[in-house]
Structures are given as C-alpha cells and as structure tokens.
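Inside the fold
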Amino acid sequence: MDPEHASVREPRASRASHREIADELRSRIGSGALRPGQRMPTQAELAEEFGVERGAVRQALDILHAERLLTGVSKGSPARVAEDAWPGWSAAPPQPTVVGLGPRVAAAFAAPQVRIDALCLTSVSLTLAVGEQLRLIHAGELKPAKIDVRVLLPSRRIELAFPTPVDPANTGDGGLLHERWLAVRNAQGLVLRQNLLALRTTHGIEVRLAFRALPFTPPVKLYLLNEAEALFAYYTLGRHEQREFGGEPLQSYDADGTRSMLFAFGPGAGTRDAGARDAGARDAAFVAESRRWFDALWETISSDLELT
C-alpha cells in the first residue's frame, strides 16, 4: 500500500449516514490524522469501513469537496486532502454579517445537500445571502439536490428587549417600534419562503423550510451551515433615530444586524502544529455545542410561527 495512503479503520457495526461519514473524515482532517496533500482511502475502502454503499461515500466526499477540504474527488484515483485544508478559522478576522455571511452560504450551497439553521432577529441577512445562490440556481450554475432550512425568530407576542425607546416613558413609541420590527420580520420571512419553495416547481429541488417562534429576544445571531460551520455574532445595541413615524424623531436603542461582526468557527482550524490542532478541536466543539443548543431551542420552548 502507498505509504502516504490514509489507513482504513476497522469496519463499523452500524451503517453510517453520508453526513456522519463526512463528519468523521472532517474530524480526521482537523486532527491531523489526514494531512494536507495526503491521498484518501478509495471509495471502496471507505464503504467497507463505514458499512455503507459507495453512493453514501461519494455524497460524503462531495460535501468535503464543496468545503474545499478535498481535491480530485471526481477523478478516477482517490481524492486528496487539500493542501490548504482548514488554514485557520479561529485566526480569521471577524467581518460584518453583510460581508461575511454571503461567501459561507455560497460554500454551503456548493454541496449536494444544503442545510442551514439560523437564529436571528429578522432574517434580513440570511435572505440576502440566500438570494444570490438562488440567482445562480436559476442561471443554471448550481443545482443542489436538497435544501433544508430552519429559522428561529422572536415571537410577535413578546415584549421585545430591543428595539426599545430611549425614553421608557414613551410606551406608545414602543408599540410603533414593535410594529416596524414585526413588518420587517414577516416581509423577509415571506420572501425567503416564497423564493426557496419555488425551487420545487422550477427546478425539481427538494426543499424543506420551517420557522419557529422564540419566547425571548435573542442577544446574538447564529448560523449553522451544513452541520459543519457555526457563524456567530452579537447584537450590539446603539442609539438610533427613526424618522418614518411622523412628528418628532423617535430615539431608540437598537442593533444593526447586517453590521454585527460575524465570527466563523469550523472543525479542523489549522492542521500543521499542536496549537493549531487544539484550535481545530475547540472550533469543532463550538460547532457541535451550537448545534445542540439550536436543536434544544427548536424542540422545547419554541412555538409555531406565522408570517402574518
């Protein structure tokens, strides 16, 4: 066997899904067990190891190829770990959401099966980022087989922590701010839903989209992409002035979510030394815990949400 060839582990007793296979191989790349430039096991060897058909292996490799962790996936010989695999998510500087979210969503849409979980205040940034990928789908440049999106938004029935009037005595102004937020939340959600679900008819893509309502105002926003990356930002409050209500300008405390600084976390952040491997393990743990946190909110205290 080629000495640079990655070793194959003992076959698993239970059949793994393609996402579980991708998670395991991604973890090996992150830990340094699979090094940049190293040849991967053949699809047949991976299928034997994980106890699955080769189709599931191909799907897993396609996911890692879309994440730029593998090269040569479509060729006859085994794929290789990309030379620049996981150059260092933790070391990457944060970017405003309107700048940083789009490229990561684009990478997620390069996979055959797209999964996005989002917790946010209005979904404005998500709708913008997804919109560019829908344009590419309509242009024939992309065609994922499946898109699965879940969105957690604040309930219309709660008293929002923000936006809120600077002067707490202006309770009427609070009602106006709530109405404006609700209008934006519903409008953006409806656009996202209409555009995504239209892909079923226009392109035959399997699409699932669900919204749930939270009983609190989220102080942070979170995006989970293909169960592999977590993008996290704080809603930092500032003093804003609203002029659209007529009369005196309305002073409020609010956050501009499109400018919130977005921090990116992904497993395997760096693979070339012990410190980088530690950072990769930390990122992987953050992604996994963020997924558990989102799922817990979705399955427990959230409720049905209507975009009306």
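Coordinates for the structure precede this section.
In this report, we go over the structure that sits alongside the text. (Residues numbered from 1 in each chain as written. Predicted model: local features only at pLDDT ≥ 70, side-chain atom pairs only at ≥ 80, totals over all residues. Heavy atoms only, no water.)

Details of the packing of aromatic side chains
Applying the stated rule across the entire model yields 5 aromatic pairs. The interplanar angle of 20° and the centroid separation of 6.0 Å between the aromatic rings of phenylalanine 294 and tryptophan 298 together place this pair among those described as stacked. Of this pair, phenylalanine 294 and tryptophan 298 both sit in helix α7 (residues 274–299), separated by 4 residues, roughly a single helical turn. Each member of the pair phenylalanine 294 and tryptophan 298 is classed as buried. Here a set of aromatic residues connected by ring pairs shows up, and it is made of Phe232, Tyr234, Phe265 and Phe286. Above the plane of the ring of tryptophan 298 lies arginine 150, whose end atom (NZ or CZ) is 5.1 Å from the centre. (Phe/Tyr/Trp six-rings, centres within 6.5 Å; stacked < 30°, edge-to-face > 60°. Helix = DSSP H or I, 4+ residues; strand = E, 2+ residues; numbered from the N terminus. Buried < 20%, exposed > 50% of the residue type's maximum accessible area, 1.4 Å probe, protein only. Lys NZ or Arg CZ within 6 Å of the ring centre and 35° of its normal.)

Examining empty space enclosed by the protein
Summed over all chains, the structure comprises 1 cavity of 30 Å³ or more. By volume, the largest cavity amounts to about 50 Å³. For the largest cavity, the full set of lining residues is Ala66, Glu67, Arg104, Ala107, Ala108, Leu225, Asn226, Ala228 and Glu229. Among the elements that line the lining of the largest cavity, the one with the most residues is helix α4 (residues 97–109), at 3 residues. Residue composition of the lining of the largest cavity, grouped by class: 5 nonpolar, 1 polar and 3 charged. (1 Å grid on protein atoms, 1.4 Å probe; cavity = no way out; pocket = protein on both sides within 12 Å on 5 of 7 lines; lining within 4 Å. Points joined across faces, edges and corners; volume = space filled by probe spheres on them. Nonpolar A, V, L, I, M, F, W, Y, C, P; charged D, E, K, R; others polar.)

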